[in-house]
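Coordinates in review
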Amino acid sequence: MATSNGKSANIFAEPPGVSLSFPGPWPDRTALVTAIAEASGGSVLAAGAAIHDTVGDWSALFEVFDPDPWLAKAMAKGSGGAFDEQEMASLSAHRLVAGITISDFGNDLAGRIRRFSHIIEVAGGLGVMVDKSGAAHPFSRWNSLLEHGGLANLYFALMVHVEDRSLLTSFGMKQFGLADAAIGDPQEVDGDLADLIFRFNAYRIAETPTLSDGQTFSVEEGAPRYRLRLQEDGRYPQDHFYYNPHGVWRLDPLES
């Protein structure tokens, strides 16, 4: 990736973390905790505010929520309509929601997500909702993305791209403690906008560069360049779960 320096920008801080919700048929917390222990053969235990995998020595925050009458509809939208009719019926009839949050990215993030979500699936989970982006997946797609590995698959498991009034923008980068990205005026941009957004975001996740307002970016030497402008996130109110306090990087195409 190629960048050139500009004036430093000020962004807000928010602790990173991947928060996942799993609706299921469990009648109460005790039934959920028991189902998790049985599904793992006793190697994954949920107690209090934590869930722990004794095999990988991995832990995550564990929460239990009451059923949400809007969750099935939100998951249908966030999945792009990937749930079939029977799956939607099960989601609509869910009785409890299991939630996990992984905040430590230092040791195989994808592996930990895969391990905990697999156990909850076996315990009766009906699908996956990525809370901070709005992405949702049937387990078949979720497992396929995580099993194939790589940053691209993890990215598309956790993130969404949304087109709104000629603006293409990402949601979910606050999971990594980073600003989202957006680009508009498609007629002025060469190439695939979704790929550009992905490559810009993936670059920041993998390389953790220090970017500055006014800096320029290109995916490779000789490729089109874009001026970076860090803006406050005006896509949702500040108290909305999808609001990104780190802001949004706007990519403006430069003339050749």
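Shown above is the structure to which this text applies.
Below, the structure is looked at part by part. (Residues numbered from 1 in each chain as written. Predicted model: local features only at pLDDT ≥ 70, side-chain atom pairs only at ≥ 80, totals over all residues. Heavy atoms only, no water.)

1. Overview of the overall build of the protein chain
Selection rule: Helix and strand assignments come from DSSP, with helices taken as H or I runs of at least 4 residues and strands as E runs of at least 2, each series counted from the N terminus. A radius of gyration in this sense is built from C-alpha atoms; the matching globule rule multiplies 2.2 Å by the number of residues raised to 0.38. Throughout, a contact is declared for two residues whenever any of their heavy atoms are within 4.5 Å. For the charge count, each Lys or Arg is scored as positive and each Asp or Glu as negative, with His and the chain ends excluded. Every charge is mapped onto a representative atom, which is NZ of Lys, CZ of Arg, CG of Asp or CD of Glu.
Along the backbone of the protein chain there are seven helices and 14 strands. Taking 2.2 N^0.38 as the reference for a compact globule, 256 residues should give roughly 18 Å; the C-alpha atoms of the protein chain span a radius of gyration of 19 Å, in line with that estimate. Taking the intrachain contacts of the protein chain between residues at least 6 apart in sequence as the baseline, contacts between residues at least 24 apart amount to 64%. Computed over 19 positive and 33 negative side-chain charges, the separation of the two mean positions in the protein chain equals 3 Å.

2. Describing the packing of aromatic side chains
Our working rule: Two rings from Phe, Tyr or Trp (for Trp, the six-membered ring) form a pair when their centres are within 6.5 Å of each other. A pair whose planes differ by under 30 degrees is stacked, one over 60 is edge-to-face, and the rest are tilted. Note on exposure labels: buried denotes an accessible area under 20% of the residue type's maximum, exposed denotes more than 50%, and partly exposed covers the range between, all computed with a 1.4 Å probe on protein chains only. The criterion for a charge sitting over a ring is simple: Lys NZ or Arg CZ within 6 Å of the ring centre, and within 35 degrees of the ring normal.
Within this structure, the stated rule accounts for eight aromatic pairs. Residues Tyr155 and Phe156 carry aromatic rings whose centres are separated by 5.1 Å and whose planes lie at 85° to one another, so their mutual orientation is edge-to-face. For Tyr155, a relative accessible area of 1% corresponds to the buried category. Their ring planes at 35° and their centres at 5.9 Å tell us that Tyr203 and Phe217 sit as a pair that is tilted. Residue Tyr203 is located in helix α7 (residues 193-207), and its partner Phe217 is located in strand β12 (residues 216-218); the two are separated by 14 residues in the primary sequence. Here Tyr203 matches Phe217 in class, with each residue buried. Here the aromatic residues Tyr155, Phe156 and Phe198 are joined through ring pairs into a cluster of three or more. A cation over an aromatic ring shows up here: Lys174 above the ring of Phe241, its NZ or CZ 5.2 Å from the ring centre.

3. A few points about the sheet that holds strand β6 (residues 96-102)
The test is simple: Two strands make a pair as long as DSSP finds a minimum of two bridges between them. Every axis corresponds to a line fitted to the C-alpha atoms, with the helix fit spanning only the stretch in contact, and the corresponding angles, defined between N-to-C directions, vary from 0 to 180 degrees.
Taken in spatial order, the seven strands make up an open sheet running β3-β4-β5-β6-β2-β7-β8, and their pairing is antiparallel. Two strands close off the open sheet at either side, each with one partner strand: β3 (44-47) and β8 (136-137). In this structure, strand β2 (residues 18-24) lies alongside strand β7 (residues 128-130), joined through two bridges in antiparallel fashion. The residue bridging Ser21 from the neighbouring strand is Met129, located in β7. Along the sheet, helix α2 (residues 71-78) makes contact with β2, β6, β7 and β8, crossing β7 at roughly 75°.

4. With respect to the pairing of β2
Judged by how many residues are buried, β2 sits mostly within the fold: seven of seven residues are covered. Covered by surrounding structure in β2 are Val18, Leu20, Phe22 and Gly24 together with Ser19, Ser21 and Pro23, the residues of both alternating faces. Across seven bridges, β2 lies against β6 in antiparallel orientation. Considered in β6, the bridge of Ser19 is made with Thr101.

5. A closer look at the environment of Ala98
Along the chain, Ala98 falls in strand β6. Taking relative accessible area as the criterion, Ala98 reaches 0% and is therefore assigned buried. For the pair formed by Ala98 and Val33, sequence separation is 65 residues and the distance between their alpha carbons is 9.5 Å. Once residues lying within four places of it in the same chain are set aside, the contact partners of Ala98 are Leu20, Ser21, Phe22, Trp26, Leu32, Phe62 and Glu63.

6. Quick look at helix α4 (residues 109-122)
In plain terms, the rule: Multiply 1.5 Å by the residue count of a helix minus one, and that product is the helix's expected span.
Between its first and last C-alpha, α4 extends 20 Å over 14 residues, near the 20 Å set by a 1.5 Å rise per residue. Turning to α4, its buried residues are Leu109, Ala110, Gly111, Arg112, Ile113, Phe116, Ser117, Ile119 and Ile120.

Keep in mind these numbers describe shape, not what the thing actually does.
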